[in-house]
Each structure stands twice: as structure tokens, then as C-alpha cells.
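Coordinates in review
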Amino acid sequence: MKQSIGLVSLVVPEYDEAIAFYVGILGFTLIDDTFVEQNKRWVVVAPPGSIESRLLLARASNPEQSLRIGNQTGGRVFLFLHTDDFSRDYRRYAEKGVTFVGEPKEENYGTVAVFRDPWGNLWDLLQPRSLEPHGEA
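This section reports on the structure supplied with the text. (Residues numbered from 1 in each chain as written. Predicted model: local features only at pLDDT ≥ 70, side-chain atom pairs only at ≥ 80, totals over all residues. Heavy atoms only, no water.)

**A look at the overall build of the protein**
From N to C terminus, the protein includes 3 helices and 9 strands. For the protein, the α and β elements follow one another from N to C terminus as β-α-β-β-β-α-β-α-β-β-β-β. For 137 residues, the compact-globule estimate of 2.2 N^0.38 gives 14 Å, and the protein sits close to it at 16 Å. If you line up the protein on its principal axes, its C-alpha atoms span 50 × 35 × 30 Å. Relative to its 137 residues, the protein shows a buried fraction of 34%. The long-range fraction of contacts in the protein, counting pairs at least 24 apart against all pairs at least 6 apart in sequence, stands at 51%. Accessible surface computed for the protein: about 8,300 Å², of which carbon and sulfur atoms make up 51%. Between the mean site of the 14 positive side-chain charges and the mean site of the 19 negative ones, the protein shows a separation of 2 Å. (Helix = DSSP H or I, 4+ residues; strand = E, 2+ residues; numbered from the N terminus. Rg over C-alpha atoms; globule rule 2.2 N^0.38 Å. Buried < 20%, exposed > 50% of the residue type's maximum accessible area, 1.4 Å probe, protein only. Contact = heavy atoms within 4.5 Å. Areas by Shrake-Rupley, 256 points an atom, 1.4 Å probe, with all protein chains shown as cover. Lys, Arg positive; Asp, Glu negative; His and termini not counted. Charge placed at Lys NZ, Arg CZ, Asp CG, Glu CD.)

**Here's the deal with the pattern of salt bridges**
With the rule as written, the count across this model stands at 8 salt bridges. The residue D33 makes a salt bridge to R41 at a minimum N-O spacing of 2.8 Å. Under the relative-accessibility criterion, D33 is labelled partly exposed at 31%. Residues E106 and R129 are paired through a salt bridge, measuring 3.4 Å at the closest nitrogen-oxygen approach. A residue pair is termed long-range when its members are at least 10 positions apart, and E106 in strand β7 (residues 105–107) and R129 in the segment after β9 (122–128) qualify at 23 residues. The class of E106 is exposed, set by a relative accessible area of 55%. Its relative accessible area of 23% is what places R129 among the partly exposed residues. What you see here is one network of salt bridges that share partners, running through D84, R88, D89 and R92. (Salt bridge = Lys/Arg side-chain N within 4 Å of Asp/Glu carboxyl O.)

**Notes on the side chain of R41**
Relative to the helices and strands, R41 is located in strand β3 (residues 40–46). Polar side-chain contacts of R41 include one of 2.8 Å to the side chain of D33. Those residues in contact with R41, other than ones at most four positions away along the chain, are Y15, D16, I19, D33, T34, F35 and V36. (Polar contact = N/O pair within 3.5 Å; in protein donor to acceptor, adjacent residues only side chain to side chain.)

**Describing the layout of surface pockets**
Its boundaries defined by the atoms lining it, the largest pocket holds a volume of some 280 Å³. The wall of the largest pocket is formed by 15 residues, among which P47, S50, S53, R54 and F80 lie closest to the centre. Counting residues per element, the ones that place at least two in the lining of the largest pocket are β4 (54–59) and β5 (77–82). Considering each element in turn, the lining of the largest pocket owes the most residues, 4 residues, to β5. A per-class count over the lining of the largest pocket returns 10 nonpolar, 4 polar and 1 charged. Here the second largest pocket defines a volume of roughly 180 Å³. Along the wall of the second largest pocket there are 14 residues; nearest its centre are Y15, K40, R41, A58 and R59. Those elements giving two or more residues to the lining of the second largest pocket turn out to be β3 and β4. Counting residues per element, the lining of the second largest pocket draws most heavily on β4, which supplies 4 residues. Per-class residue counts for the lining of the second largest pocket are 8 nonpolar, 3 polar and 3 charged. (1 Å grid on protein atoms, 1.4 Å probe; cavity = no way out; pocket = protein on both sides within 12 Å on 5 of 7 lines; lining within 4 Å. Points joined across faces, edges and corners; volume = space filled by probe spheres on them. Nonpolar A, V, L, I, M, F, W, Y, C, P; charged D, E, K, R; others polar.)

Structure below.
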């Protein structure tokens, strides 16, 4: 049996500003942006090279959903963005104004730094040891 997580829904305040951050700043690919009904769109983005997991940018449609924007996990890191070149992506994101919560760290599982999206969601930018360049482990 083979299974995978295809989409993770991320509640955002507005579609276009979320696209501007995830595509314009982080460099994700806009996979789909389809109008579903009045004021509702199906917006899917994915990191470059990603073939399975993608983000569904879901605009909050009621006050309860609006309360969840930026804090879908109660203040814990929500999403883990794996990279094959931590230094490249850390530098590029910092140059584009991405807010990092702390300095990069070397952990037993890889190189990591936590960043915050514009709405407060915490992300790990992570180069796992298994993805280190030149086969280093």
C-alpha cells in the first residue's frame, strides 16, 4: 500500500497576499488558482521540486476561521520546509525580508532555522542530514 499527504490546508486572510508571500517571497510554484464560487478560490502552491505535498491556501470565511489565522497549531512549528541547500535558502529568504525567529542551528537531524510567515505561522527551514550536499551525513 502507498499513501501520501497531498494537501495541507492553511487558513489565510486573503488569497492574493498569501500568493504574494508563498510564490513571490518563498519561491513556491502556483499549481492552481481556480474560482470555485463567488469569493472562493481553489489555490494550491508547492515548494520547487515538490511532487507530493502541497499547500491549499484557504481564505477564512467566518469569524472562527479568522481566529485560527497564524496559529493553527497553538504556537508550535506548523510546517517543515525541507531544502537541499540551507545556506542558499536562508540567505535568499533573509534578503527578501522573511522573519527568522532565531539563528540557524546545527542539530543531530540537520541544519534548521525557524521562520514566521506574515500571519504568524511558524515554519522550520530544514536541511536534513540525509540531504546534505556531497553525500555528507
